[in-house]
Amino acid sequence: MTTAQFKVDDNVAGFQGDLLVFCVNQAETKEKIVCHHLVENQVRAAFDLGDFSGKEGQTLVLYPFSGTGLTDVRAARILVLGLGDPSDQTEPGGVRDLFRRAGGTIARQCEALKVATLMVALPETSFLDPGQTAECLVEGICLGDYRFVKYKQAQSKEREYSGLQQVCLARVNTDPAVETGMGLGRRAALAACEARNMANEPANAWTASAFAAFAQALAKTHSLGCRILEKSDMERLGMGGILAVNQGSGEPPKLVVLEYLPEQRSETLLLVGKGVTFDSGGISLKPAPGMEKMKYDMCGGAAVLCAMQAVAEERPDVGVVAIVPATDNLAGGLAVKPGDVIRHFNGKTAEIVNTDAEGRMILADALAWGIDAYHPCCVVDIATLTGAVVMGLGHHYSGLMANNETLARCLEQAGERAGEPLWRLPLGKAYAKQIESKVADIRNIGGKSAGAITAAAYLENFVGDTPWAHMDIAGTAWDFTEKSYVAKEGPSGIGVRTLVALIRTWPKGAMAQPL
């Protein structure tokens, strides 16, 4: 994760660092190429040779040696980066992600060239103001600069690349919004990178206790409230779902709570994230191939805790509470069995038909308890919940289900803003009927059809009339759509930036309005 310092420095020609970057839109002829005057002749010459046209992601590296016509530039190297056809840049959400992808491409080039100090001349677009452009570029650079090498030994004698150390943005004018946007992009990206770190940790290191320790450290650093409910607390409160999933484990469960509750808050949002630190499937054992990826089953919990990192730094005027029910799901001698009946915090009983449908069981207790304890204006839960959502949406969209239209729209807009798209799926009585049980109030699976929706229908039993939305990120928490700022393999950090965008743009009082 990048530890770079970010600043604004408008002296482009005087920059003496490792790499200076200019962005160029795609053009059909060299006469239509618009770029910085320092590199205009070189870019047009490359166009004549067919080496560069400004296609998105296309790069051209120049070295300002004597005789190259670049003697006014003091940087060690120049990178010219293509942004693609400007006629495609017509929608703000898409343009935001274009500059995020540009930032990711810059970071990858920096890794290839072992760049420590970077300057980017801020490009202009009619769809984003300079502050928004800076935000998205910095977000992409931070996300693209991410690497997890904690457990790897150096494999060669070559100098190991430790990432960017300094990033400068050069403005067209002295707009102070650039510095503001830079901070927004950096905080959101670093929070997402922290979530990636959590997910990359092996399950023998990232346990329920690790979730608790992270929350406690974050609370101490940023003066947040923190509560850790232990197994004895759950037994006293009747949290049968979390306790049942944990029965086969040697590690006790934790209910981890982080509170940002300013005295003058207008309202409080509740975020709940699934924290299954390893999911074997329990008695309903998963197939062995690919099971190592089940250490990622805590990505929802990582998302809500790491979103709190950005919240704590930005101090919005709405309250935010994050809850992570944390446990692993193992097939020990005391493990919950298919056919068992459990009782949740709110008194609902559930027949356990499949022990691999464990995420909804722990979320149910956390949702019901969190609503009872904090009386939020709305609640959003996020979880790697079902394989069914992957079958339906692949790895490109997260599933969204909600009982409130306004909240659903707010989340869709936040996802678009963050480049983490959501696709709305229905809920209703027909799906609720699929999880009816003959021996309990409900059962924890609803058959082969509509599995993502029936999982949400289970959760709906625990939110009452509170506006609620459920994000199923099983297809996007890892193997998410490959982008320059998202690795092809490994955790994406999905959900963090969507939740941060939701809080930043929160329409106060909207949940109190009739639909």
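Quick note: structure is the one above.
Residues numbered from 1 in each chain as written. Predicted model: local features only at pLDDT ≥ 70, side-chain atom pairs only at ≥ 80, totals over all residues. Heavy atoms only, no water.

**Q** For this particular structure, what's the right way to read the overall build of the protein?
**A** Scanning the protein for helices and strands turns up 14 helices and 18 strands. Considering only C-alpha atoms, the protein reaches an extent of 85 × 55 × 45 Å along its principal axes. Within the protein, counting contacts between residues at least 6 apart in sequence, those at least 24 apart form 78% of the total. Accessible surface, the protein as shown: approximately 20900 Å² in total, 49% of it carbon and sulfur. (Helix = DSSP H or I, 4+ residues; strand = E, 2+ residues; numbered from the N terminus. Contact = heavy atoms within 4.5 Å. Areas by Shrake-Rupley, 256 points an atom, 1.4 Å probe, with all protein chains shown as cover.)

**Q** Would you take a moment to explain the sheet that holds strand β2 (residues 19–24) for this structure?
**A** In a beta sheet, neighbouring strands pair by backbone hydrogen bonds and run either parallel or antiparallel. An order of β1-β6-β5-β2-β4-β3 is seen for the six strands of this open sheet, with the pairing classed as mixed. Across the chains shown, the open sheet's two edge strands, defined by having one partner strand only, are β1 (5–8) and β3 (59–62). Across the sheet, the mean angle separating the axes of adjacent strands is 20 degrees when strand polarity is ignored. Note that β2 and strand β4 (residues 78–82) share five bridges and pair parallel. The residue of β4 that forms the bridge with L20 is I78. (Pairing = 2+ DSSP bridges. Axes fitted to C-alpha atoms, helices over the stretch in contact; angles between N-to-C directions.)

**Q** Would you mind going over the pattern of salt bridges with me for this structure?
**A** Opposite charge on two side chains lets them pair, provided their charged atoms get close. Across all of its chains, the model carries 28 salt bridges by this definition. For D97, the salt bridge identified is with R100, shortest N-O distance 2.7 Å. Pair noted here: D97 and R100 are both in helix α2 (residues 92–113), with a separation of three residues, about one helical turn. Its relative accessible area of 0% is what places R100 among the buried residues. With its nearest N and O atoms 3.1 Å apart, the salt bridge here joins D97 to K483. Here D97 is found in helix α2, whereas its partner K483 is found in the loop between β18 (468–472) and α14 (496–504), with 386 residues between them in sequence. Residue classification places K483 among the buried residues on the basis of a relative accessible area of 12%. A single network of salt bridges, built from pairs that share partners, joins E56, D97, R100, R101, E139, E420, K483 and R497. (Salt bridge = Lys/Arg side-chain N within 4 Å of Asp/Glu carboxyl O. Buried < 20%, exposed > 50% of the residue type's maximum accessible area, 1.4 Å probe, protein only.)

**Q** Hey, could you run me through the packing of helix α5 (residues 208–222) against helix α8 (residues 299–314) in this one?
**A** Describing two packed helices takes the angle between their axes plus the distance from one axis to the other. Here α5 crosses α8 at 5 degrees, and the two axes come no closer than 10 Å. If you check the angle between α5 and α8, you find them roughly parallel. Facing F211, F214, A215, L218 and H222 of α5, the residues of α8 in contact are G301, A302, L305, C306, M308, Q309, A312 and E313. Tallied by class, residues from the contact of α5 with α8 come to nine nonpolar, three polar and one charged. (Parallel < 35°, antiparallel > 145°, perpendicular 65-115°, else oblique. Nonpolar A, V, L, I, M, F, W, Y, C, P; charged D, E, K, R; others polar.)

**Q** What should I look at first to understand the sheet that holds strand β12 (residues 341–343) in this one?
**A** With mixed pairing, three strands are arranged side by side in an open sheet as β12-β13-β17. Looking at strand neighbours, the two that pair on one side only are β12 and β17 (442–443), the edges of this open sheet. Where strand β13 (residues 349–351) lies against β17, two bridges are found, and the strand directions are parallel. Counterpart to A350 in the pairing with β17 is I442.

**Q** What exactly am I supposed to notice about α8 here?
**A** The α-helix advances 3.6 residues per turn, and as a result positions three or four apart in sequence lie on the same side. Across its 16 residues, α8 extends 23 Å between first and last C-alpha, which sits within 8% of the 22 Å expected from 1.5 Å per residue. Most of α8 sits out of view: 14 of its 16 residues are buried. Two residues or fewer after α8 comes R315, characterised by a positive phi angle close to 50 degrees. (Expected span 1.5 Å × (residues − 1).)

**Q** Can you help me understand the packing of α2 against helix α3 (residues 130–144) in this one?
**A** Where α2 contacts α3, the two axes come as close as 7 Å, and the packing angle between them is 40 degrees. As summarised for this structure, α2 and α3 are arranged oblique, according to the angle between their axes. By crossing handedness, the relation of α2 to α3 is classed as right-handed. Residues R96, F99, R100, A102, G103, G104, I106 and A107 of α2 touch α3, and the partners they reach there are Q132, T133, E135, C136, L137, E139, G140, I141 and G144. Residue composition of the contact of α2 with α3, grouped by class: seven nonpolar, six polar and four charged. (Left-handed = near helix turned anticlockwise from the far one by under 90°.)

**Q** How do you make sense of the state of the cysteines when you look at a structure like this?
**A** When the sulfur atoms of two cysteines share a covalent bond, that bond is a disulfide. Enumeration according to the criterion identifies zero disulfides in this entry. C142 forms no disulfide, and the closest cysteine sulfur to it belongs to C193, at a distance of 6.8 Å. Free of any disulfide, C410 has its nearest neighbouring cysteine sulfur in C378, separated by 8.3 Å. (Disulfide = S-S within 2.5 Å.)

**Q** Just to check I follow, could you spell out α3 for this structure?
**A** Across its 15 residues, α3 extends 21 Å between first and last C-alpha, which sits within 8% of the 21 Å expected from 1.5 Å per residue. Where burial is concerned, most of α3 is hidden: 13 out of the 15 residues are buried. By the N-cap criterion, in which a side-chain oxygen at the helix start approaches the backbone nitrogen of a residue two or three places on, α3 is capped by D129, the distance to G131 being 3.0 Å. (Polar contact = N/O pair within 3.5 Å; in protein donor to acceptor, adjacent residues only side chain to side chain.)

**Q** Explain the packing of aromatic side chains to me, please; I cannot follow it from the model alone.
**A** The geometry of two aromatic rings is summed up by the distance between their centres and the angle between their planes. Per the stated rule, a full pass over the model turns up six aromatic pairs. The interplanar angle of 50 degrees and the centroid separation of 6.1 Å between the aromatic rings of F148 and Y151 together place this pair among those described as tilted. Looking at F148, the relative accessible area reads 23%, which means it is partly exposed. Judged by its relative accessible area of 48%, Y151 is partly exposed. (Phe/Tyr/Trp six-rings, centres within 6.5 Å; stacked < 30°, edge-to-face > 60°.)

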